[in-house]
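Listed below are the residues making up each chain.
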Amino acid sequence: AQTVTQSQPEMSVQEAETVTLSCTYDTSESDYYLFWYKQPPSRQMILVIRQEAYKQQNATENRFSVNFQKAAKSFSLKISDSQLGDAAMYFCAYRRNYGGSQGNLIFGKGTKLSVKP
Amino acid sequence: ETGVTQTPRHLVMGMTNKKSLKCEQHLGHNAMYWYKQSAKKPLELMFVYSLEERVENNSVPSRFSPECPNSSHLFLHLHTLQPEDSALYLCASSQALSYEQYFGPGTRLTVT
């Protein structure tokens, strides 16, 4: 069974600085997607960035980028120029890309990010 | 209203009550999901519906009963719940099973 592990329950970053959130996963499949979701205190889960496993190039979305290491099964999220609005719970998630259970997102436990002014 | 909405946002119920959670998506999606988010645990997928048919039921107790009358609405009927069922219940939708999921704000459920 697939698992997703986020080893940092809490992280803190100074405003305008850069922070990296870690995520590792375990799967025997080769075709899958990885996601980072953000859940601010208002609780609405928002998709931050996604990575397709067959793409070697790391995904980027403005200040958010990932470091995808397929062989190491690692998928870290880097937030550059951190802003107060980045404070939230961040969840790493995995989804297979074929066959049954395509819709099943498997989440990590999350990392609570605080941003200090 | 846009996106995925959930009502009520907060619910307190006794163990013998019957209540329902409602989810509505305004995105034209064909798949809908229920998740349970408990403190210090990963989000747990409960049910998946695709084109109004249930395609996944992750060993959820029968005291949780989903209903998907059409592709825009999803309900979670609750009866005889236990205190350990207290959690945030999140609804999500996606264009199809293989597409990104968009989440609602959740219903904070407390079982007393």
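What you see is a predicted model; the values in this text were computed from it and never measured. (Residues numbered from 1 in each chain as written. Chains lettered and ligands numbered in written order. Predicted model: local features only at pLDDT ≥ 70, side-chain atom pairs only at ≥ 80, totals over all residues. Heavy atoms only, no water.)

Caption draft 1: Up close: the interface of chain A and chain B. Taken together, the contact between chain A and chain B spans 19 residues of the former and 26 residues of the latter. Counting each side, the surface lost to burial between chain A and chain B is near 1,800 Å², with a carbon and sulfur contribution of 48%. Taken together, chain A and chain B are joined by one salt bridge. Linking chain A with chain B are four residue pairs in polar contact (both at pLDDT 80 or more). (Contact = heavy atoms within 4.5 Å. Buried area = accessible area lost by both parts, 1.4 Å probe. Salt bridge = Lys/Arg side-chain N within 4 Å of Asp/Glu carboxyl O. Polar contact = N/O pair within 3.5 Å; in protein donor to acceptor, adjacent residues only side chain to side chain.)

Caption draft 2: Region of interest: the pattern of salt bridges. All names here are of chain A. Going through the model one piece at a time under the given rule, you end up with eight salt bridges over all chains. Between glutamate 29 and arginine 96 there is a salt bridge, with its nearest N and O atoms 3.2 Å apart. Linking glutamate 29 in the loop between β4 (24-26) and β5 (32-39) with arginine 96 in strand β10 (residues 88-96), this pair joins segments that are 67 residues apart in sequence. For arginine 96, a relative accessible area of 21% puts it in the partly exposed group. (Helix = DSSP H or I, 4+ residues; strand = E, 2+ residues; numbered from the N terminus. Buried < 20%, exposed > 50% of the residue type's maximum accessible area, 1.4 Å probe, protein only.)

Caption draft 3: Expanded view of the packing of aromatic side chains. In the structure shown here, the tally under the stated rule is 15 aromatic pairs over all chains. Taking the centre distance of 6.3 Å and the plane angle of 20° together, the rings of A:Trp36 and A:Phe75 count as stacked. Separated by 39 residues along the polypeptide, A:Trp36 in strand β5 and A:Phe75 in strand β9 (residues 74-79) bring together distant segments of the chain. For the pair shown, A:Trp36 and A:Phe75 are each scored as buried. Measuring from centroid to centroid gives 5.8 Å for A:Phe107 and B:Tyr35, while their planes differ by 90°, and the two rings are edge-to-face. (Phe/Tyr/Trp six-rings, centres within 6.5 Å; stacked < 30°, edge-to-face > 60°.)

Caption draft 4: Region of the structure containing the state of the cysteines. The final tally for this structure, using the stated rule, is two disulfides over all chains. Between the sulfur atoms of A:Cys23 and its disulfide mate A:Cys92 the distance is 2.0 Å. Between A:Cys23 and A:Cys92, the disulfide has an S-S torsion of -70° and is therefore left-handed. Placement of A:Cys23 in the loop between β3 (19-21) and β4 and of A:Cys92 in strand β10 is noted, with a sequence separation of 69 residues between them. Note on accessibility: A:Cys23 and A:Cys92 belong to one class, buried. Paired by a disulfide, B:Cys23 and B:Cys91 hold their sulfur atoms 1.9 Å apart. The S-S bond linking B:Cys23 to B:Cys91 shows a torsion near -75°; that makes this disulfide left-handed. Of this pair, B:Cys23 sits in strand β3 (residues 18-25) while B:Cys91 is found in strand β9 (residues 87-94), placing the two residues 68 residues apart along the sequence. Just as B:Cys23 is buried, B:Cys91 falls in that class too. (Disulfide = S-S within 2.5 Å.)

Caption draft 5: Examining the sheet that holds strand β8 (residues 73-79) of chain B more closely. Residues and elements named next belong to chain B. Across the sheet, four strands lie side by side as β1-β3-β8-β7; this open sheet has antiparallel pairing. Looking at the sheet topology across the chains shown, the edges are occupied by β1 (4-7) and β7 (64-70). Going from strand to strand, the sheet's axes swing by 20° on average, the running direction of each strand aside. By the bridge criterion, five bridges tie β7 to β8 in an arrangement that is antiparallel. Pairing of proline 66 across the sheet is with leucine 76, part of β8. (Pairing = 2+ DSSP bridges. Axes fitted to C-alpha atoms, helices over the stretch in contact; angles between N-to-C directions.)

Caption draft 6: Local environment of the pairing of strand β8 (residues 64-69) of chain A. All names here are of chain A. Pairing geometry for strand β7 (residues 60-61) and β8, over two bridges, is antiparallel. Bridge pairing in β8 links threonine 60 to serine 65. Hairpin geometry of β7 and β8 is characterised by an intervening segment of two residues between the two adjacent antiparallel strands and by a positive phi of about 55° at asparagine 62. Of the strand pairs in this sheet, β8 and β9 are connected by six bridges, and their pairing is antiparallel. Within β9, the position partnered with asparagine 67 by the bridge is serine 76. Linking two consecutive strands that pair antiparallel, namely β8 and β9, is a turn of four residues; a positive phi of about 55° is found at lysine 73 within it.

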